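# Observations on the model geometry
Okay, here's what each chain looks like letter by letter:
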Amino acid sequence: MERGETRPPDKRRRRRRIILSVVAVLLIIILVAVVLGLTVGQNTRTLKTTFTERCEEFKGYDCEKLWGVFERAYVGLDPCEVPMEAYDPLMAAVPFKPECNRKIFWSKTKDVVHDFTEKRDCFYTVEETLLGSALNGLTWCGKEGSSETFTTGCPGWTDCANNTVRSFWNRVSAAFADGACGDVTVMLNGSIATPFHPASVFASIEVKRFNFPRVKRLNVVLVTQENFVTNCTNASLKDLQKELDQGMTYDCKEVSEAQIQDCSSNPEMPCGACW
């Protein structure tokens, strides 16, 4: 361009549009980063709030400290590489006290058993302990290289064996079973072909911790409906008996869901009479 000449207007407009486009893209990138950061932070705060509020329903615990112990089990780790043992410090911080004749286990009967334990105080499940209650129904995980807790984008229960949530429930279920003594009860589903399924938490984790003479008796309540397909002679229940220590007593009763519901609604009926 010779001295005294001016740049054509269309070239100036193109240059202005390019600059504005670059600025717009940068602003969008910054905005997305801020939103993602706020979302992650909000998710962490929401999970922590839920954990803390549920924890505080149990008196005598430092829930803020327990949250820190809980986070250290998985934060910064690959969410598929969190073994059961990662939660050992959390179990040590909230140890399960041995309690005889009151612990009830379940497999594929979650709604029935919790409806019963909510109405009657003769039995309780792992979900009604501090740790089980604080994390029941929640999802969480960490990511490699991150100090955040995430509640989305986490692996599902069957996506990998050592995922964050599955390892927690395996570990807390093991601790719960370790504290069982005397008579132990389990509700199994009589409407499925394999009520004692080898892949279930009860079969793979809990029943293996029932050691005689600490646990003297296992009572199986096989919950049936009108279309039930299983009874106490089921082959999988024979497998269950083989898992028990020698000397442990085994009993199985087929009990309709309607009978359990009627009994749970009648506080004057002894729990033992429900089945």
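Located above this text is the structure these notes cover.
Residues numbered from 1 in each chain as written. Predicted model: local features only at pLDDT ≥ 70, side-chain atom pairs only at ≥ 80, totals over all residues. Heavy atoms only, no water.

Counted at 1.5 Å a residue, the expected span for helix α6 (residues 164-178) with its 15 residues is 21 Å, and the 21 Å between its end C-alpha atoms agrees. Where α6 begins, the side chain of Asn163 points an oxygen toward the backbone nitrogen of Val165, at a separation of 3.2 Å. (Helix = DSSP H or I, 4+ residues; strand = E, 2+ residues; numbered from the N terminus. Expected span 1.5 Å × (residues − 1). Polar contact = N/O pair within 3.5 Å; in protein donor to acceptor, adjacent residues only side chain to side chain.)

Within the fold, Asp262 resides in helix α9 (residues 257-264). A sequence separation of 12 residues divides Asp262 from Cys274, and the C-alpha atoms of the two residues are 8.5 Å apart.

Our next topic: the nonpolar core. Of all hydrophobic cores here, the largest spans 50 residues; its most connected members are Tyr87, Trp140, Phe168, Phe210 and Leu240. Looking at this core, the element that brings in the most residues is α6, giving 7 residues. Not counting residues up to four positions away in its chain, the partners in contact with Phe168 are Tyr87, Leu90, Met91, Leu131, Leu135 and Trp140. Formed by 15 residues, the second largest nonpolar core is a distinct cluster that contains Val112, Val255, Cys263 and Cys274. (Core = buried A, V, L, I, M, F, W, Y, C linked by side-chain atoms within 4.5 Å. Buried < 20%, exposed > 50% of the residue type's maximum accessible area, 1.4 Å probe, protein only. Contact = heavy atoms within 4.5 Å.)

Time to look at the packing of aromatic side chains. Following the criterion strictly, the structure yields 18 aromatic pairs and no others. Between Phe51 and Trp67, the ring centres sit 5.4 Å apart and the planes meet at 65°, which makes this aromatic pair edge-to-face. Here Phe51, found in helix α1 (residues 9-55), pairs with Trp67, found in helix α2 (residues 63-71); they are 16 residues apart in sequence, far enough to count as distant. Here Phe51 falls in the buried class, since its relative accessible area comes to 0%. According to the relative accessible area criterion, Trp67 is buried, its value standing at 4%. A ring pair is formed by Phe96 and Phe176, whose centres lie 6.0 Å apart and whose planes are at 75°; its orientation type is edge-to-face. In this pair, Phe96 is assigned in the loop between α3 (88-93) and β1 (99-100) and Phe176 in helix α6, connecting sequence segments 80 residues apart. (Phe/Tyr/Trp six-rings, centres within 6.5 Å; stacked < 30°, edge-to-face > 60°.)

Next up on the list: the state of the cysteines. For the structure on display, the rule yields 7 disulfides. Two residues, Cys100 and Cys181, share a disulfide whose sulfurs are 2.0 Å apart. Its S-S torsion of about -110° marks the bond between Cys100 and Cys181 as left-handed, since a negative value means left-handed. Taken as a pair, Cys100 in strand β1 and Cys181 in strand β3 (residues 180-189) lie far apart in primary sequence, 81 residues in all. (Disulfide = S-S within 2.5 Å.)

When strand β4 (residues 215-224) meets strand β5 (residues 249-256), the two strands line up parallel, connected through 8 bridges. Bridged to Val221 within β5 is Lys253. As for the winding sense of the linkage, the β-α-β connection from β4 through helix α8 (residues 235-243) to β5 is right-handed. (Pairing = 2+ DSSP bridges. Right-handed = clockwise from strand over helix to strand, strands pointing away.)

Here the structure, examined in full by the defined rule, presents 6 salt bridges. For Lys119, the salt bridge goes to Asp115, with nearest N and O atoms at 3.3 Å. Of the two residues, Lys119 and Asp115 are both situated in helix α4 (residues 110-119); the distance of 4 residues between them amounts to about one turn of the helix. We note a salt bridge from Glu243 to Lys208, for which the minimum N-O separation is 3.4 Å. Here Lys208 lies in the loop between α7 (201-206) and β4 and Glu243 lies in helix α8, a separation of 35 residues in the sequence. Exposure remark for Glu243: the relative accessible area of 36% places this residue in the partly exposed category. Taking relative accessible area as the criterion, Lys208 reaches 47% and is therefore assigned partly exposed. (Salt bridge = Lys/Arg side-chain N within 4 Å of Asp/Glu carboxyl O.)

Contact pair α4 / α9: the axes reach a minimum separation of 9 Å and the direction vectors enclose 15°. In this view, α4 runs roughly parallel relative to α9, as classed from their interaxial angle. Note on packing geometry: the crossing formed by α4 with α9 is left-handed. Together, Val112, Asp115, Phe116 and Lys119 of α4 and Glu257, Ile260, Gln261 and Ser264 of α9 make up the contact between the two elements. (Axes fitted to C-alpha atoms, helices over the stretch in contact; angles between N-to-C directions. Parallel < 35°, antiparallel > 145°, perpendicular 65-115°, else oblique. Left-handed = near helix turned anticlockwise from the far one by under 90°.)

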